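One-letter residues, chain by chain:
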Amino acid sequence: VQLQASGGGLVQAGGSLRLSCAMPRTILSVFNSITMGWYRQVPGNQRDTVASISPGGSTNYAASVKGRFTISRETTRRTMYLQMNNLRPEDTGVYYCHVVWRGNDYWGQGTLVTVSS
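First, a word on what this report is: a plain description of the structure on this page. (Residues numbered from 1 in each chain as written. Predicted model: local features only at pLDDT ≥ 70, side-chain atom pairs only at ≥ 80, totals over all residues. Heavy atoms only, no water.)

### Focus on the overall build of the protein chain
So, step 1. A count of helices and strands for the protein chain gives 0 helices and 11 strands.
So, step 2. In sequence order, the secondary structure elements of the protein chain are arranged as β-β-β-β-β-β-β-β-β-β-β.
So, step 3. Across its three principal directions, the C-alpha atoms of the protein chain cover 40 × 25 × 20 Å.
So, step 4. Long-range contacts, defined as pairs at least 24 residues apart, comprise 53% of the intrachain contacts of the protein chain with a sequence gap of at least 6.
So, step 5. Roughly 6100 Å² of accessible area belongs to the protein chain as shown, and the carbon and sulfur atoms make up 46% of that amount.
So, step 6. Counting 11 positive and 5 negative side-chain charges, the protein chain places the averaged centre of each group 8 Å from the other. (Helix = DSSP H or I, 4+ residues; strand = E, 2+ residues; numbered from the N terminus. Contact = heavy atoms within 4.5 Å. Areas by Shrake-Rupley, 256 points an atom, 1.4 Å probe, with all protein chains shown as cover. Lys, Arg positive; Asp, Glu negative; His and termini not counted. Charge placed at Lys NZ, Arg CZ, Asp CG, Glu CD.)

This is how it looks when you write it as structure tokens:
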């Protein structure tokens, strides 16, 4: 299962970005039935959960991004999004999309977000 993440870039503090994670056709039948989410990793640190969405549509956010980031998914486009507003320098990192399907973990290739102060 190949996940294609995109949308990262360089932005000033206070700005916004929207990340996208496109998924293959094979996942369409279960798209709303699997857990998916976004993770962030900075050099030397582990990959941490930023936001997730459950099969039922419930969302969870890291405390540091709550109220600023919104995770969503669009079935017809087989795409998951992360809308990031009011970005801060500490949001800088490589963002990875992730799904759990049939007991396996699948990761996108990562997209770099850099927030300048």
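Having put the structure on the table, let's press on.
### Digging into the state of the cysteines
So, step 1. Under the defined criterion, the tally for this structure stands at 1 disulfide.
So, step 2. Residue pairing for Cys21: its cysteine sulfur links by disulfide to Cys97, the two sulfurs lying 2.2 Å apart. One quick way to see it: the torsion about the S-S bond of Cys21 and Cys97 is about 65 degrees, and its sign makes the bridge right-handed. Taken together, the positions of Cys21 in strand 3 (residues 17-22) and Cys97 in strand 9 (residues 93-101) put the pair 76 residues apart, joining distant regions of the chain.
So, step 3. Residue Cys21 is classed as buried on the basis of its relative accessible area of 0%.
So, step 4. Under the relative-accessibility criterion, Cys97 is labelled buried at 0%. (Disulfide = S-S within 2.5 Å. Buried < 20%, exposed > 50% of the residue type's maximum accessible area, 1.4 Å probe, protein only.)

### Points about the sheet that holds strand 1 (residues 4-6)
So, step 1. Here 4 strands make up an open sheet; going across it, the order is 1-3-8-7 and the pairing antiparallel. Both edges of this open sheet fall to strand 1 and strand 7 (69-74), since each of them pairs with a single strand only. Geometrically, the sheet is characterised by an average inter-axis angle of 15 degrees between neighbouring strands, direction not taken into account.
So, step 2. Looking at chain direction, strand 3 and strand 8 (residues 79-84) are connected through 6 bridges and run antiparallel. In the sheet register, Leu19 faces strand 8, and the bridge partner there is Leu82. (Pairing = 2+ DSSP bridges. Axes fitted to C-alpha atoms, helices over the stretch in contact; angles between N-to-C directions.)

### Focus on the side chain of Asp91
So, step 1. Along the chain, the position of Asp91 falls in the loop between strand 8 and strand 9.
So, step 2. Taking relative accessible area as the criterion, Asp91 reaches 1% and is therefore assigned buried.
So, step 3. Here Arg68 takes part through its side chain, which lies 2.8 Å from a polar atom of the side chain of Asp91.
So, step 4. Leave out the neighbours within four places in its chain, and Asp91 touches Arg40, Val65, Arg68, Phe69, Asn86, Val113 and Val115. (Polar contact = N/O pair within 3.5 Å; in protein donor to acceptor, adjacent residues only side chain to side chain.)

### Points about the nonpolar core
So, step 1. Counting residues in hydrophobic clusters, the biggest one holds 29 residues, and the most contacted among them are Met23, Trp38, Leu82, Met84 and Tyr95.
So, step 2. If you list the elements that add at least two residues to this core, you get strand 3, strand 4 (35-41), strand 5 (48-53), strand 7, strand 8, strand 9 and strand 11 (111-116).
So, step 3. Top contributing element to this core by residue count: strand 9, with 4 residues.
So, step 4. Beyond its immediate stretch of four places on either side in the chain, Met84 contacts Gly15, Ser16, Leu17, Leu19, Arg68, Phe69, Tyr95 and Val113. (Core = buried A, V, L, I, M, F, W, Y, C linked by side-chain atoms within 4.5 Å.)

By themselves, these observations are geometric and do not establish any function.
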